[in-house]
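Descriptive structure summary
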Amino acid sequence: MTKRGERWRTLAADLRAAKLSLVLVGLMVLIHALVFYPFHGDEIPVGSEWIFESFGLSFEGLGAGKVWQLVTYTFLHGLWVHLLINALGLLLLGARVERISGSFTLLKVFMSASLLGGLAQVLVSQDRLLVGASGGIAGILLWLTTVSPEARAWPIPVSAKNLGRGILISEAGFVIASFFVPPSDIIHVAHACHLGGGIAGWLVGRRSLGPVLSREDLLEERARREAADGPEA
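Reference entry: report on the structure contained in this document.

Here is what the cut-offs are and how they apply
Residues numbered from 1 in each chain as written. Predicted model: local features only at pLDDT ≥ 70, side-chain atom pairs only at ≥ 80, totals over all residues. Heavy atoms only, no water. Axes fitted to C-alpha atoms, helices over the stretch in contact; angles between N-to-C directions. Helix = DSSP H or I, 4+ residues; strand = E, 2+ residues; numbered from the N terminus. Parallel < 35°, antiparallel > 145°, perpendicular 65-115°, else oblique. Left-handed = near helix turned anticlockwise from the far one by under 90°. Contact = heavy atoms within 4.5 Å. Nonpolar A, V, L, I, M, F, W, Y, C, P; charged D, E, K, R; others polar. Salt bridge = Lys/Arg side-chain N within 4 Å of Asp/Glu carboxyl O. Buried < 20%, exposed > 50% of the residue type's maximum accessible area, 1.4 Å probe, protein only. Lys, Arg positive; Asp, Glu negative; His and termini not counted. Expected span 1.5 Å × (residues − 1). Patch = residues over 30% accessible without salt bridge, like charges linked within 9 Å, V, L, I, M, F, W, Y side chains within 5 Å. Areas by Shrake-Rupley, 256 points an atom, 1.4 Å probe, with all protein chains shown as cover. Phe/Tyr/Trp six-rings, centres within 6.5 Å; stacked < 30°, edge-to-face > 60°. Core = buried A, V, L, I, M, F, W, Y, C linked by side-chain atoms within 4.5 Å. Polar contact = N/O pair within 3.5 Å; in protein donor to acceptor, adjacent residues only side chain to side chain.

Now for the packing of helix α7 (residues 103–124) against helix α8 (residues 134–147). It is at 7 Å that the axes of α7 and α8 come closest, and there the two elements cross at 125°. In terms of orientation, α7 and α8 fall into the oblique class. For the pair α7 and α8, the sense of crossing is right-handed. Contacts from Thr 105, Leu 106, Val 109, Phe 110, Ala 113 and Ser 114 in α7 reach Gly 135, Gly 136, Ile 137, Gly 139, Ile 140 and Trp 143 in α8. For the contact of α7 with α8, the residue count by class is 7 nonpolar, 5 polar and no charged.

See the structure below:
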């Protein structure tokens, strides 16, 4: 089988394993359709601003005790294209996580990444409202690059481990730059959310792999096995 055929077979197997991924994507699409119905385009309908103020994430909202925003913001999107990109990323990456480790792992990674990413963003950018699932998706991607570091990150010719490192380093650079370069009123990317979500995914991935063993640990384990086996006859 060709490499292209193998990739399609792997993708099909991932999508067959997708359960929670489909539920999360379906919920996001349904919420977006209800918020913007029957209006078209990306302008928030008049009278619906309170939905974003109440369920989007903001520093002011958290200060007012609206802690549910740490969860609800990830299911809201302001643009259809933003929703479609996040939905596609969540479906493809989330399906892979479900195939590898099950739906519970996907839920744990997605929610922990959304929480840490949201907190990081409101601390860095206290005057902006945050919506979207990109923080959780960044966590899913970093989980995958952590548990399978030697996999090839097609179509990028680098290992998954280097891809994960590159994402974290670049997002950290963007966060630092944001303190010196004013954010655009046209395009605003939540780099702190991506960074926090990615760190959360990396941490959950490291924990799922168990403790990292040093060379001394391996030598001690080998000595214990040899002692348990006894001397050779």
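Applying the stated criterion across every chain yields a total of 3 salt bridges. With a closest N to O distance of 2.6 Å, Asp 14 and Arg 96 form a salt bridge. Placement of Asp 14 in helix α1 (residues 3–17) and of Arg 96 in helix α6 (residues 80–101) is noted, with a sequence separation of 82 residues between them. With its nearest N and O atoms 3.9 Å apart, the salt bridge here joins Glu 150 to Lys 161. With Glu 150 in the loop between α8 and α9 (160–178) and Lys 161 in helix α9, the pair connects residues that are 11 residues apart, well separated along the chain. You can call Lys 161 partly exposed: its relative accessible area is 33%.

Further remarks concern the side chain of Glu 98. Topologically, Glu 98 is positioned in helix α6. Look at Glu 98: it is buried, it has no salt bridge, and the nearest opposite charge is Lys 19 at 6.0 Å. Residues in contact with Glu 98, not counting those within four places in the same chain, are Ala 17, Ala 18, Lys 19, Leu 20, Ser 21, Ser 103 and Leu 106.

Below, the discussion takes up α7. Its 22 residues place the ends of α7 31 Å apart at the C-alpha level, agreeing with the 32 Å of an ideal helix rising 1.5 Å per residue. Regarding α7, the residues found buried are Thr 105, Leu 106, Val 109, Phe 110, Met 111, Ala 113, Ser 114, Gly 117, Gly 118, Gln 121 and Val 122. Taken together, the buried residues of α7 touch α2 (20–36), α4 (59–63), α5 (69–72), α6, α8 and α10 (191–209).

Nonpolar side chains collect at one region of the surface, where Phe 59, Leu 123, Val 124, Ile 176, Phe 179, Phe 180 and Val 181 lie side by side and expose about 760 Å² of accessible area between them. Looking at the secondary structure, you find Val 124 in helix α7.

What follows deals with the packing of aromatic side chains. For the structure shown, the criterion picks out 2 aromatic pairs. Considering the side-chain rings of Phe 36 and Phe 52, the 6.5 Å spacing of their centres and the 80° angle between planes classify their relative orientation as edge-to-face. In this pair, Phe 36 is assigned in helix α2 and Phe 52 in helix α3 (residues 49–55), connecting sequence segments 16 residues apart. The burial state of Phe 36 is the same as that of Phe 52; both residues are buried.

Before going further, it helps to spend a moment on the nonpolar core. Ranked by internal contacts, the top residues of the largest apolar core, which has 19 residues, are Leu 24, Met 28, Leu 90, Val 97, Phe 110, Ile 140 and Trp 143. Breaking this core down by element, the ones donating at least two residues are α2, α6, α7 and α8. Here Phe 110 is in contact with Leu 24, Met 28, Thr 74, Leu 90, Ala 133, Gly 136, Ile 137 and Ile 140, once residues within four sequence places are set aside. If you look at the next biggest cluster of nonpolar residues, it comprises 7 residues, including Tyr 73, Val 122, Leu 130 and Ala 190.

Among the structural elements, Ser 21 can be located in helix α2. The buried category is assigned to Ser 21, whose relative accessible area is 0%. Put simply, Ser 21 and Ala 95 are 74 residues apart on the chain and 6.1 Å apart in space, counted from C-alpha to C-alpha. Excluding its chain neighbours within four sequence positions, the residues that come into contact with Ser 21 are Leu 90, Leu 91, Gly 94, Ala 95, Glu 98 and Leu 106. Engagement of the side chain of Ser 21 in a polar contact is seen with the backbone oxygen of Gly 94, the distance being 3.4 Å.

Another point: the packing of α2 against α7. Running from N to C, α2 and α7 cross one another at 45°; their axes reach a closest spacing of 9 Å. The orientation of α2 relative to α7 falls into the category oblique. Residues Leu 20, Ser 21, Leu 24 and Met 28 of α2 pack against Ser 103, Leu 106, Leu 107 and Phe 110 of α7. Taken together, the residues that form the contact of α2 with α7 break down as 6 nonpolar, 2 polar and no charged.

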